[in-house]
Every structure is written in structure tokens, then in C-alpha cells.
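Now for the letters of each chain:
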Amino acid sequence: MNPFTYVNARSFKEASELLTAGRFKLPVLKAGGLDVVDHLKEGLVQADALINIRRLTVDDKPNISAASGRIRINATTTLAELAASPILWKQAPVIAQAVHSAATPQARNIATAAGNLLQRPRCWYYRHEQFHCLKKGGDRCFALEGENKYHAIFGGGPCHIVHPSNLAPALSVCDATVYVTGGTREVLPIADLFHMPARGIMDEHNLTPGEVVTHIALRDKPNSGFYAIKEKQSFDWPLVVACVALDLNGETITSARVCAGAVAPVPWRLEKVEKALAGVKTTDDEGIRAAANLSGEGASPMRDNGYKVKLLAAAVRRAIVRAAGRDPEPKA
Ligand SMILES: Cc1cc2nc3c(=O)[nH]c(=O)nc-3n(C[C@H](O)[C@H](O)[C@H](O)COP(=O)(O)OP(=O)(O)OC[C@H]3O[C@@H](n4cnc5c(N)ncnc54)[C@H](O)[C@@H]3O)c2cc1C
């Protein structure tokens, strides 16, 4: 690791200026620092300055606040705060559930909302400094012919990473918008925050240089739920993630938002499942199962990751059941 300067920014705006003013050659924005420090240790970035925003807030409001059917989350809110928020458990449970058992308790105490969204992929070829893959300017994706158990089943390449954030698909079903400073715009829909590898392989987001996320806004989605299937219950990223938000008229689903994580390079909307859920009753287990079984449509798994198609259907079914207010794993 090379020596670097550490600067505590006094505002998001100042952080943005420090990133772009030319004072440093390769300044890197640091929130909780979990992924940034991993990158320094793994030799993937050679920062000459870390611009720390960990303690910054937008104003005097609490990190999580609610008004008029919308919820605001400051960029530096920790995952632990999100997981403990009574506002989120009541008004958008999919968000609280998504981070409740993500990573480890220690990581959740440090990791921030914006850092979670913008963490880099976990692909072991990308993370290993000896593999000069597409994301590092190389000429191939090693996952294609290599070990691809944890890679994408949707998207079609040319790079087969999966989006690592639990929070991103959860925010996606809550119609979230992301507020930024330091560029020419103030806000963008969460879906526009990320791009597919074909639109730029060296990064995964659409922030322009110097743009810094200040906060995130989302709609109340009281009938929402999250389900992840993991190899290990702690200290690991899920194999598949499903997030669901339902609009209900009594017991009938009038419309649904369904988004998967860990299966594609971006949070992956499952529109066929959404359409199939319209008109289904929340007590109709067969209707819910039939809709969830559409989750894998359009998937093109590689040699070792076909298992994700079945896992995804199971996770989506359980997330729907949870969004409907029922226990997806009832005790016998
Ligand atoms: C053992 C382990 C298990 C994990 N399991 C999971 C899991 O199950 N699910 C999951 O979702 N995550 C998991 N994680 C990842 C972890 O949640 C992320 O590394 C963490 O959320 C990153 O947040 P941070 O604040 O530390 O980000 P940082 O490391 O500070 O930053 C990450 C990236 O975001 C950028 N960034 C940060 N804040 C802003 C901002 N406001 N505006 C613009 N750019 C910004 C930084 O420049 C950097 O590129 C796991 C991590 C570990 C170590």
C-alpha cells in the first residue's frame, strides 16, 4: 500500500471539490471505508488521498426521517441504523430486512448506505491483482471459462459480475431516488445509478467525477419484503436476493415491484413476475408460486451457476409471502 493523505471533508460539497480540484492525483472518496480499504490492501487502487465523509450529514434532521409518504435516508447512515429503524420496519420493511443480516454486526456498524450501493463487485478475478480482467483493462472475462459459481445468470456479459449490494434492489422496489452534489444535476432515479458492463466496463455506476451522494429518498412500501439465500449466514454475500413491494386492495395484489440482487451486473427487475402477480390474492400460494417460477425467464447461466435459477424462484416466492405479511418459513 502506498502512503496517502487523509482529509476530513467539512461538507459533501467540499468533498466533491477535493475530488476534482486537482490538489491530489488520485483522491478516493471514503465513507465507512470497508470497501475502499479492501481496495487499497488488494492493490486495486493507488490512492494518494482519502477524502473522508463518514461523519457528514445533509442538515440537522435525523439520519432516517419520514414525512408525507416518503422516507429520507442520509448517505452516511450505517446499515446498523437502517436495521434498527422503527420507521423502516413499519413503512418500508424491505429496507430494514435487506440490511438486518447483511455482512456482520461489525461491518453493519461501519458500512454506510451510499457506500453499500457503490461498493465494487466481489468477482474473485476482479479482486485478485494477478488476473488482468476486462474491468482492469484486460482483454477477457475469466469467469467465462473459469470458476463461475457466483457469477451472473442475467445480462450476457461481456463482464459477468453480480451486483453485490443488498440495499440497491430493496431501494429499487421502493421507487427510490438518489440525491447528489458536485455535478450538473441534483437527483436521479435509483435505476439510473447503475449501468450494465456493455455501457462501461471499468465502473458500475453513472456518477460523474466529483459527484457525491448526499441522501436517498424512497416511498412508503409497508407491504414489502426481502429474502436472501446464502451459503453462510454471516460474513458473506448472498447467492441470490429477492425484494418485493406489493400494492394491495384487501387481499388482492393490484400491482407489484420485484427486483433481484446477486444475479446480474445491476439490480435486476423481474417484470414478468410483477405482471403475473397482478390480481393474485396474497393467500393464493399456487398463484404466488406460479408467478415466482417466472423469475428465471431470460436467464443464461454458465457452467457452474445454473443452480441460481432455482434458488431465485424460491427466494422470490418467499419474499412475496413476506411482503404479504406472512412467514415464508412457517414452523411445521
Ligand atoms: C465480510 C463482509 C460481508 C459482507 N456482506 C455483505 C452483504 O451480505 N450484503 C451487502 O450488501 N454488502 C455486504 N458487504 C459489503 C459492505 O456492506 C460494503 O463494503 C459496505 O456497505 C461499504 O460501505 P462503506 O461505507 O464502508 O463504503 P466505502 O468503502 O467507504 O465506499 C465504497 C465505495 O462507495 C463510494 N462512496 C461511498 N460513499 C459515497 C457517497 N456518499 N457518494 C459517492 N460515492 C460514495 C466510495 O468512493 C467507494 O468507491 C460485506 C462486507 C464484508 C467485509
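Nothing here was measured: the structure is a model prediction, and the numbers come from that model. (Residues numbered from 1 in each chain as written. Predicted model: local features only at pLDDT ≥ 70, side-chain atom pairs only at ≥ 80, totals over all residues. Heavy atoms only, no water.)

This paragraph deals with the overall build of the protein chain. Looking only at helices and strands, one finds 12 helices and 12 strands in the protein chain. Its C-alpha atoms give the protein chain a radius of gyration of 20 Å, within 12% of the compact-globule value 20 Å for 332 residues. The C-alpha extent of the protein chain, read off along each of the three principal axes, is 60 × 50 × 35 Å. A buried classification covers 53% of the 332 residues belonging to the protein chain. Expressed as a percentage of contacts within the protein chain between residues at least 6 apart in sequence, the contacts between residues at least 24 apart total 63%. In the structure as shown, the protein chain presents an accessible area of about 15100 Å², 53% of it carried by carbon and sulfur atoms. Here the protein chain carries 40 positive and 33 negative side-chain charges, and the mean point of each set is 2 Å from the other. (Helix = DSSP H or I, 4+ residues; strand = E, 2+ residues; numbered from the N terminus. Rg over C-alpha atoms; globule rule 2.2 N^0.38 Å. Buried < 20%, exposed > 50% of the residue type's maximum accessible area, 1.4 Å probe, protein only. Contact = heavy atoms within 4.5 Å. Areas by Shrake-Rupley, 256 points an atom, 1.4 Å probe, with all protein chains shown as cover. Lys, Arg positive; Asp, Glu negative; His and termini not counted. Charge placed at Lys NZ, Arg CZ, Asp CG, Glu CD.)

Another point: the sheet that holds strand β9 (residues 224-229). Overall, antiparallel pairing links the four strands, which are arranged β9-β10-β11-β12 in an open sheet. Two strands close off the open sheet at either side, each with one partner strand: β9 and β12 (268-269). Relative to strand β11 (residues 252-261), strand β10 (residues 240-249) is paired through nine bridges, and the arrangement is antiparallel. Within β11, the residue paired with C243 across the bridge is C259. (Pairing = 2+ DSSP bridges.)

We now examine the pattern of salt bridges. Per the stated rule, a full pass over the model turns up 19 salt bridges. Close ionic contact of K149 with E231 constitutes a salt bridge, the shortest N to O distance being 2.9 Å. Taken together, the positions of K149 in the loop between α8 (124-127) and α9 (167-172) and E231 in the loop between β9 and β10 put the pair 82 residues apart, joining distant regions of the chain. Residue class for K149 comes out partly exposed when judged on its relative accessible area of 32%. A salt bridge links E329 to R318, with the nearest nitrogen and oxygen atoms 3.9 Å apart. (Salt bridge = Lys/Arg side-chain N within 4 Å of Asp/Glu carboxyl O.)

This brings us to the domain arrangement of the protein chain. In terms of domains, the protein chain is made up of domain 1 (1-52) and domain 2 (64-119 + 162-323). A C-alpha centroid distance of 28 Å is found between domain 1 and domain 2. Facing 10 residues of domain 1, the contacting portion of domain 2 comprises 14 residues. Contact between domain 1 and domain 2 buries roughly 890 Å² in total, counting both sides, with carbon and sulfur atoms accounting for 78%. The three residues of domain 1 that bury the most area against domain 2 are F12, S16 and L34, which together make up 51% of that side's buried surface. Counting every contact that joins domain 1 to domain 2 gives zero salt bridges. The interface formed by domain 1 and domain 2 holds one residue pair in polar contact (both at pLDDT 80 or more) in total. Mapped by element, the contributors of at least two residues to the side of domain 1 that touches domain 2 are α1 (12-20) and α2 (34-41). (Domains from an automatic or database assignment. Buried area = accessible area lost by both parts, 1.4 Å probe. Polar contact = N/O pair within 3.5 Å; in protein donor to acceptor, adjacent residues only side chain to side chain.)

Considering the arrangement of structural elements, one finds R108 in helix α6 (residues 105-110). Buried charge without a salt bridge: R108, with E81 as the nearest opposite-charge side chain at an N-O distance of 12 Å. Side-chain polar atoms of R108 contact the backbone oxygen of H100, separated by 3.3 Å. Sequence-distant contacts of R108, that is, excluding residues within four places in its chain, are made with T78, L79, A80, V99, H100, S101, A102 and A103.

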